[in-house]
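# Survey of secondary and tertiary structure
Chain by chain, the residues run as shown.
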Amino acid sequence: IKITNNPKIPNKINKVFYDKDLKAVEALDYLYQSGYDEKTLSQLLSVGVLGVKKNRRLVPTRFSITAVDDTIGKSIIDEIQDYSTINNYKLYFDGYLGNYYLVLLFPEVFSYELFETYLPETIWNSSQLSSMTDYESVFGRKYYAEITAGGYYSARLGVLEHLRRIKKQASALVLRFITSEYETPLGVWVTREATRKAMRNLILSFNNKEELLLNARSFMDERFGYDISGILKKSKLLNSLKQKKLSHFL
């Protein structure tokens, strides 16, 4: 490799590089708050220029991408937990490159569940509707989301960015539908951008949970011709919302 000129390093990146006592989590949060996107952050983490000096090392790209999504997400969760909940029940929907996201927000403290559903005649699924899920309660996750993997953290980040933007918190049930339009796996940046796009497209707001679920089922039946009732019945998040709160007795 021959360097033909001096590379120009932004001051804030230079700052975290030379701070050998700054933890990687703190460096990522600082740079994200300074306006650097997750692509830049994952590159920095991958080449081992962040964190306490003795712990710096090269990281596989796919690990660094998910680590950035998870780290930024946890930072936003800490922030929004001080906010009040949304005022009603909301339904969002949009997609990108054959990945469609239906997002249901409930006026509750933050919790999150992702269902990834493969529609028939996709490269991953040739016959009937197939879905898998991961979930976290208000107490968060202790282990990596093995089932939905990196897509879990990238979709969560898209939802959390929206909640921080409106300065509210909510419980989020996210349903990803993968269609035959998505012919080649392109990485979690697709799911991140698809979720962000969905969160900019509010379909309707409702006064109660029953109306939200009814319209979600109707919307997906009209859009794809599939009944999502079976998915909703398996939802850990929806089951957790059935529990009565202390406020019910006051």
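Look up a bit, the structure's there.
First things first, this report covers the structure right here in the doc. (Residues numbered from 1 in each chain as written. Predicted model: local features only at pLDDT ≥ 70, side-chain atom pairs only at ≥ 80, totals over all residues. Heavy atoms only, no water.)

### Some words on the packing of aromatic side chains
The criterion, for reference: Two rings from Phe, Tyr or Trp (for Trp, the six-membered ring) form a pair when their centres sit within 6.5 Å of each other. Planes less than 30 degrees apart are called stacked, planes more than 60 degrees apart edge-to-face, and all others tilted. For helices the rule is a DSSP run of H or I covering at least 4 residues; for strands it is a run of E covering at least 2, with both sets numbered from the N terminus onward. Categorising residues by exposure relies on relative accessible area from a 1.4 Å probe, with only protein chains included: less than 20% of the type maximum marks a residue as buried, more than 50% marks it as exposed, and the intermediate range marks it as partly exposed. By the criterion adopted, a ring carries a charge over it if an Arg CZ or a Lys NZ lies within 6 Å of its centre and within 35 degrees of its normal.
With the rule as written, the count across this model stands at ten aromatic pairs. Residues Phe93 and Phe219 carry aromatic rings whose centres are separated by 4.9 Å and whose planes lie at 65° to one another, so their mutual orientation is edge-to-face. Of this pair, Phe93 sits in strand E1 (residues 89-96) while Phe219 is found in helix H7 (residues 209-224), placing the two residues 126 residues apart along the sequence. Residue Phe93 is classed as buried on the basis of its relative accessible area of 6%. Summarising the aromatic geometry, the rings of Tyr100 and Phe224 are spaced 5.4 Å apart at their centres and angled 65° between planes, so their arrangement reads as edge-to-face. Residue Tyr100 is found in strand E2 (residues 99-106), and its partner Phe224 is found in helix H7; the two are separated by 124 residues along the sequence. An aromatic cluster of three or more residues is present, and its members are Phe93, Tyr100, Phe177, Phe219 and Phe224. Of note, Lys20 hangs over the ring of Phe17, and the distance from its end group to the ring centre comes to 5.6 Å. Arg223 extends its terminal NZ or CZ atom over the ring of Phe224, reaching a point 5.1 Å from the ring centre.

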